[in-house]
Amino acid sequence: MYMFCCKLKIFYYLVLIAYHGCDVYFDWFNFYELFEDTAVSGILISTNRILVKIFFVISCVTGTVFSIIMIVAYGYYIKFHWYCIRHASYQSVKYSDDEVSISSDRGCDKKCNRKFVTLELWVSVLELVLKDDFQSGILYWIYTSQFIITRPGWQSIVFQTCSVIAHLKLGICFMAKLCGCGAGEEPCCDGSCKNSVASVIGFIGAAVFFGLTVVSLVKAVSV
């Protein structure tokens, strides 16, 4: 079961790496559209154009930097879980009725470099505040205050879908750290107070902006 979980985590991190690559591409695609046509997600901006451009540029730049850092962290996690699969040891567990079961030794988890665990937490906080919340707020504002006459193209739909996935990913990350799930993690009651506070606030923020982004996505596909 332990080896299966390791393989599942490797697959999960590979998916996240692919997601970050896709997310960066569509961030800059919309950046180009914004500065060429003053539009975001296919919708022309009629008011507050300068503010939208400033916040969107910040989100694109920080998003690219944070994606690179997270891809490095995910690469380490993949390498770590692959190491655990190759070096997993097993021990016999004897029950009262003389039945014997084989279980894996999870001692490998203790070898996880906690620097990457801490790095993932704080980069996720910055990613939420300086990238995903900016884009989520812009999208929600567009679809609730701007006059939409045409349905956004598929690139814009993918861009909004990436924003939804981003908040879902961040929510899972913060909850996992809060509960002490995964290699190198500790329950909030055993870890740093500031890490626990960051996880709680991060999860709440991710949940709120996840809802706002879903609303904008629903409005986009229903135009």
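Residues numbered from 1 in each chain as written. Predicted model: local features only at pLDDT ≥ 70, side-chain atom pairs only at ≥ 80, totals over all residues. Heavy atoms only, no water.

**Side note on a nonpolar patch on the surface**
So, point 1. Judged by side-chain polarity, Ile50, Leu51, Ile54, Phe55 and Ile58 come together as a nonpolar surface patch covering roughly 440 Å² of accessible area.
So, point 2. Along the polypeptide, Phe55 turns up in helix H2 (residues 49-86). (Patch = residues over 30% accessible without salt bridge, like charges linked within 9 Å, V, L, I, M, F, W, Y side chains within 5 Å. Areas by Shrake-Rupley, 256 points an atom, 1.4 Å probe, with all protein chains shown as cover. Salt bridge = Lys/Arg side-chain N within 4 Å of Asp/Glu carboxyl O. Helix = DSSP H or I, 4+ residues; strand = E, 2+ residues; numbered from the N terminus.)

**Quick look at the confidence of the model for the chain**
So, point 1. The predicted model of the chain has a mean per-residue pLDDT of 82, with 82% of residues at 70 or higher.
So, point 2. Here strand S4 (residues 100-104) stands out as the least confident element of the chain, with mean pLDDT 44; H2 is the most confident, with 92.
So, point 3. Long-range and interchain partners of residues 99-104, a stretch whose pLDDT sits below 50, account for 19 contacts in this model, where long-range means more than four residues apart. (pLDDT = per-residue confidence, 0-100. Contact = heavy atoms within 4.5 Å.)

**Concerning helix H5 (residues 193-221)**
Because the α-helix completes a turn every 3.6 residues, residues three or four places apart line up on one side.
So, point 1. For H5, built from 29 residues, the straight-helix expectation of 42 Å at 1.5 Å per residue is met to within 8% by its first-to-last C-alpha distance of 42 Å.
So, point 2. If you follow the buried residues of H5, they end up packed against helix H3 (114-145) and helix H4 (154-179). (Expected span 1.5 Å × (residues − 1).)

**Points about the side chain of Gln160**
So, point 1. Relative to the helices and strands, Gln160 resides in helix H4.
So, point 2. Setting aside residues up to four positions removed in sequence, Gln160 forms contacts with Ser41, Leu139, Tyr143, Thr213, Ser216, Leu217 and Ala220.

**Let's talk about the pattern of salt bridges**
So, point 1. Per the stated rule, a full pass over the model turns up five salt bridges.
So, point 2. Of the charged contacts in the structure, one is a salt bridge between Lys131 and Asp23, with a shortest N-O distance of 2.4 Å. One end of the pair, Lys131, is in helix H3; the other, Asp23, is in helix H1 (residues 2-37), with 108 residues separating them in the sequence. Like Asp23, Lys131 is buried.
So, point 3. Residues Glu120 and Lys177 are paired through a salt bridge, measuring 3.1 Å at the closest nitrogen-oxygen approach. Placement of the pair is Glu120 in helix H3 and Lys177 in helix H4, with a sequence separation of 57 residues.
So, point 4. Linked by salt bridges that have partners in common, Asp23, Asp27, Lys131 and Asp132 make up one network. (Buried < 20%, exposed > 50% of the residue type's maximum accessible area, 1.4 Å probe, protein only.)

**Thoughts on the packing of aromatic side chains**
So, point 1. Enumeration according to the criterion identifies 13 aromatic pairs in this entry.
So, point 2. Seen from their ring centres, Phe31 and Phe35 are 4.9 Å apart, and the 40 degrees between their planes marks the pair as tilted. Placement of the pair is Phe31 and Phe35 together in helix H1, with a separation of four residues, close to one helical turn.
So, point 3. Here the aromatic rings of Phe56 and Phe159 are separated by 5.9 Å at their centres, their planes lie at 55 degrees, and the arrangement is tilted. Taken together, the residues span a long stretch of sequence, with Phe56 in helix H2 and Phe159 in helix H4 at a distance of 103 residues. By the burial criterion, Phe56 is buried, and Phe159 matches it.
So, point 4. By the ring-pair criterion, three or more aromatic residues cluster together here, those being Tyr12, Tyr13, Tyr74, Tyr76, Tyr77, Phe80 and Phe116.
So, point 5. Positioned above the aromatic ring of Phe35, the side-chain terminus of Lys53 is 5.1 Å from the ring centre. (Phe/Tyr/Trp six-rings, centres within 6.5 Å; stacked < 30°, edge-to-face > 60°. Lys NZ or Arg CZ within 6 Å of the ring centre and 35° of its normal.)

**A few points about the side chain of Asn195**
So, point 1. Looking at the secondary structure, you find Asn195 in helix H5.
So, point 2. A relative accessible area of 16% means that Asn195 is categorised as buried.
So, point 3. Only 3.3 Å separates the side chain of Asn195 from the side chain of Trp122, close enough to count as a polar contact.
So, point 4. If we ignore the near neighbours within four places in the chain, the residues touching Asn195 are Leu121 and Trp122. (Polar contact = N/O pair within 3.5 Å; in protein donor to acceptor, adjacent residues only side chain to side chain.)

**A look at the environment of Phe210**
So, point 1. Its location among the elements puts Phe210 in helix H5.
So, point 2. The exposure class of Phe210 is partly exposed, given its relative accessible area of 29%.
So, point 3. Separated by 44 residues in sequence, Phe210 and Ala166 place their C-alpha atoms 8.3 Å apart.
So, point 4. Those residues within four positions of Phe210 in sequence are excluded, and the remaining contacts are Val164, His167 and Leu168.

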